Structure formats: structure tokens, C-alpha cells
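# Structural overview
For reference, the chains in residue letters:
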Amino acid sequence: MAGIIDLTSALVGGKLGWGYVCDDMFSSVAATVACRQLGYLSGKMGVALALTLDLDPQDRKRSFVLDDVRCKEGDANLISCDHLPLGVHNCGLSETVKVKCSR
Ligand SMILES: [Ca+2]
């Protein structure tokens, strides 16, 4: 079976709990790292513009846990990529990363 799944937003679990990943510096390499972390083969960046329309009120209250994520080929997961300290960010909700993963 093959397919493409729109995850709506990329979330990571860390010390701060669940939160968003900011699209600053995020690349297609980072999208693939995120998707492999979720068990998929590869990933692409999606368009984040409409994301805030999809969010329910609970999710609007969440904050960013990762910003300035710079991944390179072979990074095992988003946390191991270069990024600002967890929870430090200068992002707004419209900058939430959106990825499309494929098997
Ligand atoms: Ca930033």
C-alpha cells in the first residue's frame, strides 16, 4: 500500500510537553527526518498558510517547542538536528511546520 498523509502539523514530545515546530530554517531534509521519525519513508514540506483554520481552540493554546531547526541527511530525529533551546522561539501560529509524509 502506498499513500501520502497530511499530518496538519508536526508535533514533538519533549520536556515542555507537546508543541509546534516553527518553519524558520526548516527544509525538505528536516521534513524527511520528521517523517522517518513517524515511521514513514520520506517527507516534503507542506504549505502552512491554512493551518490556523484547521486548529481547534485547544490546539491554538499550544506553543512552539522547536525553532530554527536545521537538519542534515542522516539525522535520526528532529531533536538531534540543530535548533534553538527547547521552547525558545520567535514564531507565530502561521509559521507552524506542515509536512506531508509518504511510505
Ligand atoms: Ca526563529
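Cut-offs and rules
Sequence order as written defines the numbering, with residues in each chain counted from 1. Only residues with pLDDT of 70 or above have their local features reported here, since the model is predicted, and side-chain atom pairs are shown and tallied only from 80 upward, although totals for entire chains, interfaces and linings are computed over all residues. Only DSSP runs of H or I with at least four residues qualify as helices, and only runs of E with at least two residues qualify as strands; both kinds are numbered from the N terminus onward. Once C-beta atoms are placed from the backbone, each residue is buried if 20 or more other C-beta atoms lie within 10 Å of its own, exposed if 12 or fewer, and partly exposed for counts between those two. Residues are treated as contacting if the C-beta atoms built from their backbones sit within 7 Å of each other. Pairing between strands requires that DSSP locate at least two bridges from one strand to the other. Values of pLDDT, which run from 0 to 100, indicate the predictor's confidence residue by residue.

- An unreviewed UniProt entry lists the protein chain under the name SRCR domain-containing protein, from Elysia crispata.

### Points about the overall build of the protein chain
- Each helix and strand in the protein chain was counted, giving 3 helices and 6 strands.
- When its helices and strands are written in sequence order, the protein chain yields β-β-β-α-β-α-α-β-β.
- Across the 103 residues that make up the protein chain, the buried fraction comes to 35%.
- When contacts within the protein chain are restricted to residue pairs at least 6 apart in sequence, long-range pairs at least 24 apart make up 77% of them.

### What about the pairing of strand β6 (residues 99–102)?
- Here β6 shows one buried face, formed by Val 99 and Cys 101, and one open face, formed by Lys 100 and Ser 102.
- As defined by bridge partners, strand β4 (residues 42–45) adjoins β6 across 4 bridges and the pair is classed as antiparallel. From the neighbouring strand, Lys 44 faces β6, where its bridge partner is Lys 100.

### Details of the environment of Ala 31
- Here Ala 31 lies in helix α1 (residues 28–37).
- According to the C-beta neighbour criterion, Ala 31 is buried, with 23 such atoms within 10 Å.
- As a C-alpha pair, Ala 31 and Ser 42 span 11 residues in sequence and 7.6 Å in three-dimensional space.
- With sequence-adjacent residues up to four places away left out, Ala 31 is seen in contact with Gly 43, Lys 44, Met 45 and Val 99.

### Some words on the confidence of the model for the protein chain
- On average, residues of the protein chain score 78 in pLDDT, and 70% of them are at 70 or above.
- Within the protein chain, the lowest mean pLDDT, 40, falls on strand β1 (residues 4–6), and the highest, 92, falls on α1.
- Throughout residues 1–11 the model reports pLDDT below 50, and contacts reaching past four residues in sequence, or to other chains, amount to 24 contacts.

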